[in-house]
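Residues per chain are reported as follows:
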Amino acid sequence: MNNLSFSELCCLFCCPPCPGKIASKLAFLPPDPTYTLMCDESGSRWTLHLSERADWQYSSREKDAIECFMTRTSKGNRIACMFVRCSPNAKYTLLFSHGNAVDLGQMSSFYIGLGSRINCNIFSYDYSGYGASSGKPTEKNLYADIEAAWLALRTRYGIRPENVIIYGQSIGTVPSVDLAARYESAAVILHSPLTSGMRVAFPDTKKTYCFDAFPNIDKISKITSPVLIIHGTEDEVIDFSHGLALFERCQKPVEPLWVEGAGHNDVELYGQYLERLKQFVSQELSIARAMASRR
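As annotated in an unreviewed UniProt entry, the protein is Alpha/beta hydrolase domain-containing protein 17B from Mustela putorius furo. Taken from UniProt, the Sequence similarities (unreviewed entry) comment for the protein reads in full: "Belongs to the AB hydrolase superfamily. ABHD17 family." Looking at the protein in UniProt, the text filed under Catalytic activity (unreviewed entry) is "S-hexadecanoyl-L-cysteinyl-[protein] + H2O = L-cysteinyl-[protein] + hexadecanoate + H(+)".

Put into structure tokens, the structure is as follows:
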């Protein structure tokens, strides 16, 4: 989130022009692109080129496991998509909506490491205005972006909803909650989620105003899939209380992961993070699936 002064926040919320402007001022920080996508003459095959700032940590063999392409959203933007084949026998694919101030190039090494450790493939995308994606980042575009990614994952790869885990991190929890409230999937993982934009800026906010942006708190109760919430107890950007409030509104919450001492950007560095994800994906979801099939 941007560091706005109190007077700027007061002006923004006391005389709000529209939710989109709140969203853009509070949340969107697209970095300079750390990758490019080059299309061949046939127009069907895209090649990923990473810059040094992408900090790629693997060999060319792992890079060959990444397939990239462009798809168009209902708002007319072209967004970059990335499918990371981490495991040949993966049962699930994470539809991963990343956090702020990063793009697919910077996330690519993390996706390889995460997917290989929890035995999942990963499908991700860049929001409008991020990386190689066209357009501008807005709240409405966020929802159109993940809808286009969901459709591409379903149609291009033939992956069924019961094999998709919707994963959102930080600002990525906003499109993830919106999608999961409308479509059933295998599960939902919310990593450092926010309740709403105004509640981040003004922690004492008790209700959702018409000009508030990112109202996760009003949508999460519509999610019918199992929901795992992960939050650091010392989160300096989105207070730990946001994770707690969302957990209390879930229809099907599973045991959350509250990472003692973790902040907003270092949850993944704690051992409990991978342990909890492994348990959730390899054990809890399999048990839930088996029980559902017997009904």
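Engineer: For the nonpolar core, give the residues involved together with the corresponding values.
Structural biologist: Formed by 81 residues in total, the largest nonpolar core has its most connected members in L94, L95, F123, I165, I230 and L277. Among the elements that line this core, the one with the most residues is helix α5 (residues 139–157), at nine residues. Excluding residues that lie within four positions of it along the chain, I230 makes contacts with I189, L190, H191, S192, P193, L257, V259, V267, Y273 and L277.

Engineer: Can you explain the sheet that holds strand β6 (residues 120–125)? Please cite residues and give values.
Structural biologist: Taken in spatial order, the eight strands line up as β3-β4-β6-β5-β7-β8-β9-β10 in an open sheet, and their pairing is mixed. Looking at the sheet topology across the chains shown, the edges are occupied by β3 (66–72) and β10 (257–259). The sheet shows a mean angle of 15° between the axes of neighbouring strands, direction not considered. One ladder, built from five bridges, connects strand β5 (residues 92–97) with strand β7 (residues 164–169); its direction is parallel.

Engineer: Can you lay out the pairing of strand β4 (residues 78–84) for me, pointing to particular residues and giving the numbers?
Structural biologist: β4 sits mainly inside the fold: six of its seven residues count as buried. With seven bridges connecting them, β3 and β4 associate as antiparallel partners. Among the inter-strand pairings, R72 is bridged to a residue of β4, identified as R78. Where β3 hands over to β4, the hairpin turn is made up of five residues, of which G76 adopts a positive phi near 90°. Relative to β6, β4 is paired through four bridges, and the arrangement is antiparallel. Looking at β6, one finds that V84 is bridged to I122.

About the criteria used
Residues numbered from 1 in each chain as written. Predicted model: local features only at pLDDT ≥ 70, side-chain atom pairs only at ≥ 80, totals over all residues. Heavy atoms only, no water. UniProt positions renumbered as here; feature names shortened; annotations may be inferred. Core = buried A, V, L, I, M, F, W, Y, C linked by side-chain atoms within 4.5 Å. Buried < 20%, exposed > 50% of the residue type's maximum accessible area, 1.4 Å probe, protein only. Helix = DSSP H or I, 4+ residues; strand = E, 2+ residues; numbered from the N terminus. Contact = heavy atoms within 4.5 Å. Pairing = 2+ DSSP bridges. Axes fitted to C-alpha atoms, helices over the stretch in contact; angles between N-to-C directions.

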